[in-house]
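Summary of structural features
Below, each chain spelled out in residue letters.
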2 protein chains.
Amino acid sequence: MMQRRKTRKIRLGSVEVGGDAPVSVQSMTTTRTEDVAATAAQIRELERLGCDIVRVAVPTDAAAAALGRIKDAIEIPLVADVHFSHKLALEAIRQGVDGLRINPGNMRNMDAVREVVLAAGERCIPIRIGVNSGSISERRGLDVVPDASDLCSLMVDTVLEYCSFFESVGFGDIKLSLKASDVPTTMAAYRRVAAECDYPLHVGITAAGLPDESIIKSSVGIGGLLSEGIGDTIRVSITGPPADEVRVGIQILKALRLRPPGLRLLSCPTCGRCEIDLPGLVESVRRGLPEDLLDEDLEIAVMGCVVNGPGEAARADFGVAGGKGFAHIFEKGERIKKVAEQNIVRELLDHIARRRAMVTGRDSAGNNL
Amino acid sequence: MMQRRKTRKIRLGSVEVGGDAPVSVQSMTTTRTEDVAATAAQIRELERLGCDIVRVAVPTDAAAAALGRIKDAIEIPLVADVHFSHKLALEAIRQGVDGLRINPGNMRNMDAVREVVLAAGERCIPIRIGVNSGSISERRGLDVVPDASDLCSLMVDTVLEYCSFFESVGFGDIKLSLKASDVPTTMAAYRRVAAECDYPLHVGITAAGLPDESIIKSSVGIGGLLSEGIGDTIRVSITGPPADEVRVGIQILKALRLRPPGLRLLSCPTCGRCEIDLPGLVESVRRGLPEDLLDEDLEIAVMGCVVNGPGEAARADFGVAGGKGFAHIFEKGERIKKVAEQNIVRELLDHIARRRAMVTGRDSAGNNL
């Protein structure tokens, strides 16, 4: 039902971005890049959570010199985030990173940029041209703060000028990002650049804040753009652990069915119709589900009453529709049994375990039946 | 930068929905509607949080009979949520509710529906025609579970048929909703119905689950539609307290600048460049901000390093850009002072308080200067 914008495909190590490649999830380390052990450990945690591409800051010579060793210790592609200094970018390329991000807002000497582009071209390393609202106006030597509409134009124009320069050097291995801290400005900038070129887009909201604010702003902005078909790789920015960025990014993709949704636990918001403790029930079901089920394409609906209960329960693989002091358990539309309220969680989980055992030939401990 | 779809305007009590009216935030009570005191108390809490319209379930005669007393005890418009029984709908109208929601999925006797529509017309009470994925297939007597694309068509067709019937009775005071538990299906249904008619739309994702999942699904789905200009009133469904629904709904609108954004606390995700404890710093700033500031149109940027720090800090009303063991404090682009890390929070909050006192002529305790 969703048509993705047609983009060129680029490749960061083993991960493709753009074209028909699945939308990938990125994050960025918060460790000191110079600390190889800490940085590699954080990246390995992100890998376990499903992160596809990771970026590290390269603010110093020591950070640049650490990149090769970090790369040796991890599986996913490594992107070097370089600002101000083309020398650091060149060293990152020599260290064998899988991608480079530079910021037109603070790398203004185009002879230096040409050196970086040529070096990246030799090694077939793609470059992200990434502008941010926080660093854009400097480039233009503006001494007034642009308003939202000017900011949007400024970001788009800056990125496209940079693209033209890269193309003039014969380099097209490009990814773009245009992140503002304001959601509508960000969305407008991506929409405009998407209409102007076919480079793959890295989508995110910058400086989105603490988890509460960022999760909503990122879901609205990144999710909204993806739902229009815009975006080839995403990064959720959260002031907090990067593991949260990966979890939220994956959930955004799952919500839009851009990634296999895995187990979905549907539940109604409850209202004056609901005669059982639904939030408690849903929490108990979630806690009780075996971990190996979480990646399965499975829908479990836990519904409070007869309005949408039987319907959602019937559409789901397994379902519960609550009544007064009892519930009906469903499987693929069939009413299986009526159980007392205090037994709902156990009966539902037992039923799921039995059915799974019949399908897999193994019990929940993994033993053959 | 965002163009809202042109819709007819309807009115629920004192609140307009559609046309040029601001997008409103709704929630639904979780108390037993028969319990007037508990229901009114919950609604008053929602009012304090900024809820614009509230809905209550009307599953019984006693619930219907309580509606007048609930309405007397609250300020915001009251909507009766009625399923199955047109008699309950008629009683709700007699009780003076400001709006009615009926579900084509379970009110199938069109003579009965006509009675409800005529009664609502006499009292000038708008009706929401609200279908849900969980209750739609029953209406069609389907014994197979429709797939996502069929479900989308089924929801759109059902709603539009109901609209035609209402129009044939001379009733146009209509609002529509088409909620699936799946985000892409919901978005597709709203997009299609938006292209087919100009009735205002009540937007939401149904059975979205526990807070973690629902906040992301709702932000993506509701936020994505709003960013396309679709949606006149919204309801976030969370398996949990309705206060959370209101908070998240308001944050979605603020993220899209569909409601004055109030105080924004921007902060970067931190990376290997950051040499101060940024998450701790941002949390401390948030905790330290006086409550009367939260509704002000004010941007405070707390940034970890020199890449986007000075830029975001310059765009913000007040800003902090961190260095190694120190930070610069900014006000509207001007560097005010350099402070040691341990003093950042106090210095920033003191500076903001001083500036505010100069503007308002009052100190933070509200005393005239």
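Residues numbered from 1 in each chain as written. Chains lettered and ligands numbered in written order. Predicted model: local features only at pLDDT ≥ 70, side-chain atom pairs only at ≥ 80, totals over all residues. Heavy atoms only, no water.

1. Considerations on the overall build of chain A
Rules: By definition, any uninterrupted DSSP run of H or I lasting at least four residues is a helix, any uninterrupted run of E lasting at least two residues is a strand, and each is numbered from the N terminus. Classification of residues uses two cut-offs on accessible area relative to the type maximum, computed with a 1.4 Å probe and protein chains only: under 20% is buried, over 50% is exposed, and between them is partly exposed. We call two residues in contact whenever any of their non-hydrogen atoms come within 4.5 Å of each other. For accessible areas, the Shrake-Rupley method is used with a probe of radius 1.4 Å. Any residue's cover is judged against the shown protein chains and nothing else. A positive count includes Lys and Arg, and a negative count includes Asp and Glu. His and the chain ends are not counted in either. Just so you know, the charge point we use is NZ for Lys, CZ for Arg, CG for Asp and CD for Glu.
Helices and strands together make up the secondary structure of chain A, namely twelve helices and 15 strands. On the principal axes, the C-alpha backbone points of chain A span a range of 75 × 45 × 35 Å. By the burial criterion, 60% of the 369 residues in chain A qualify as buried. Partitioning the intrachain contacts of chain A with sequence separation of at least 6 by distance along the chain shows that 62% fall at a separation of at least 24. Roughly 13800 Å² of accessible area belongs to chain A as shown, and the carbon and sulfur atoms make up 48% of that amount. Once the 46 positive and 50 negative side-chain charges of chain A are each reduced to a mean point, those two points are 3 Å apart.

2. Points about the packing of helix α8 (residues 211-227) of chain A against helix α8 (residues 211-227) of chain B
Packed helices, taken two at a time, are described by their axes: the angle between them and the distance between them. Just so we agree on the cut-off: Only the stretch in contact is used when a helix axis is fitted, and all axes are lines through C-alpha atoms; the angle between N-to-C directions ranges over 0 to 180 degrees. Orientation labels follow simple angle bins: below 35 degrees gives roughly parallel, above 145 gives roughly antiparallel, 65 to 115 gives roughly perpendicular, and whatever is left gives oblique. The hand of a helix crossing depends on one turn: near helix anticlockwise from the far one by less than a right angle means left-handed, and clockwise means right-handed. Under the convention adopted here, Pro, Cys and the residues Ala, Val, Leu, Ile, Met, Phe, Trp and Tyr are nonpolar, Asp, Glu, Lys and Arg are charged, and Gly plus all remaining residues are polar.
At a minimum axis distance of 8 Å, the contact between α8 of chain A and α8 of chain B shows a crossing angle of 50°. The angle between the axes of α8 of chain A and α8 of chain B places the two elements in the oblique class. The interaxial crossing formed by α8 of chain A with α8 of chain B has right-handed handedness. Contacts from Ile215, Ile216, Ser219, Val220, Gly223 and Gly224 of chain A of α8 of chain A reach α8 of chain B at Ile215, Ile216, Ser219, Val220, Gly223 and Gly224 of chain B. Partitioned by chemical class, the residues of the contact of α8 of chain A with α8 of chain B number six nonpolar, six polar and no charged.

3. Regarding the nonpolar core
Where we set the bar: To form a nonpolar core, buried Ala, Val, Leu, Ile, Met, Phe, Trp, Tyr and Cys residues must be joined to one another through side-chain atoms within 4.5 Å.
Within the largest apolar cluster, 169 residues are counted, with the highest numbers of intra-cluster contacts made by Leu100, Phe166 and Leu176 of chain A together with Leu100, Phe166 and Leu176 of chain B. Ignoring any residue separated from it by four or fewer positions in sequence, one finds leucine 176 of chain A in contact with Ile129, Val159, Cys163, Tyr190, Val193, Cys197, Tyr199, Pro200, Leu201 and His202 of chain A.

4. Quick word on helix α12 (residues 344-360) of chain B
Residues and elements named next belong to chain B. To be explicit about the condition: Helix span, as expected, comes to 1.5 Å for every residue beyond the first.
The end-to-end C-alpha separation of α12 is 24 Å, in line with the 24 Å expected for 17 residues at 1.5 Å each. The set of residues buried in α12 consists of Ile344, Val345, Glu347, Leu348, Leu349, His351, Ile352, Arg356 and Ala357. Each element contacted by the buried residues of α12 is listed here: α10 (278-288), β12 (299-303), β13 (318-322), β14 (326-331) and β15 (334-340). In the stretch just after α12, glycine 361 is the one whose phi turns positive, near 75°.

5. Here we look at the relation of the copies chain B and chain A
Condition: The copies were overlaid by least squares, fitting only the C-alpha atoms of residues that reach a pLDDT of 70 or more in each copy.
After a rotation of 180° and a shift along the axis of 0.0 Å, chain B superposes on chain A with an RMSD of 0.0 Å. Such a combination of rotation and displacement between the chain copies is what one expects of a two-fold axis. Minimal C-alpha distance to the rotation axis in chain B is attained by glycine 224 of chain B, lying at 1.9 Å. Of the interface residues in chain B, 100% have counterparts in chain A that sit at the interface too, so the contact is made through matching surfaces.

6. Observations regarding the packing of aromatic side chains
Residues and elements named next belong to chain A. The line we're drawing: Side-chain rings of Phe, Tyr and Trp (the six-membered ring for Trp) are treated as a pair once their centres are within 6.5 Å; stacked means planes under 30 degrees apart, edge-to-face means over 60, and tilted covers the remaining angles. A ring has a charge above it when a Lys NZ or an Arg CZ is no more than 6 Å from the ring centre and no more than 35 degrees off the ring normal.
The final tally for this structure, using the stated rule, is four aromatic pairs over all chains. Look at phenylalanine 166 and phenylalanine 171: their rings are 5.9 Å apart centre to centre, the planes differ by 75°, and that puts the pair in the edge-to-face class. In textbook terms, an aromatic cluster arises when at least three aromatic residues are bridged by ring pairs, as seen for Tyr162, Phe166 and Phe171. For lysine 338, the ring lying beneath its charged end belongs to phenylalanine 326, and the centroid distance is 4.2 Å.

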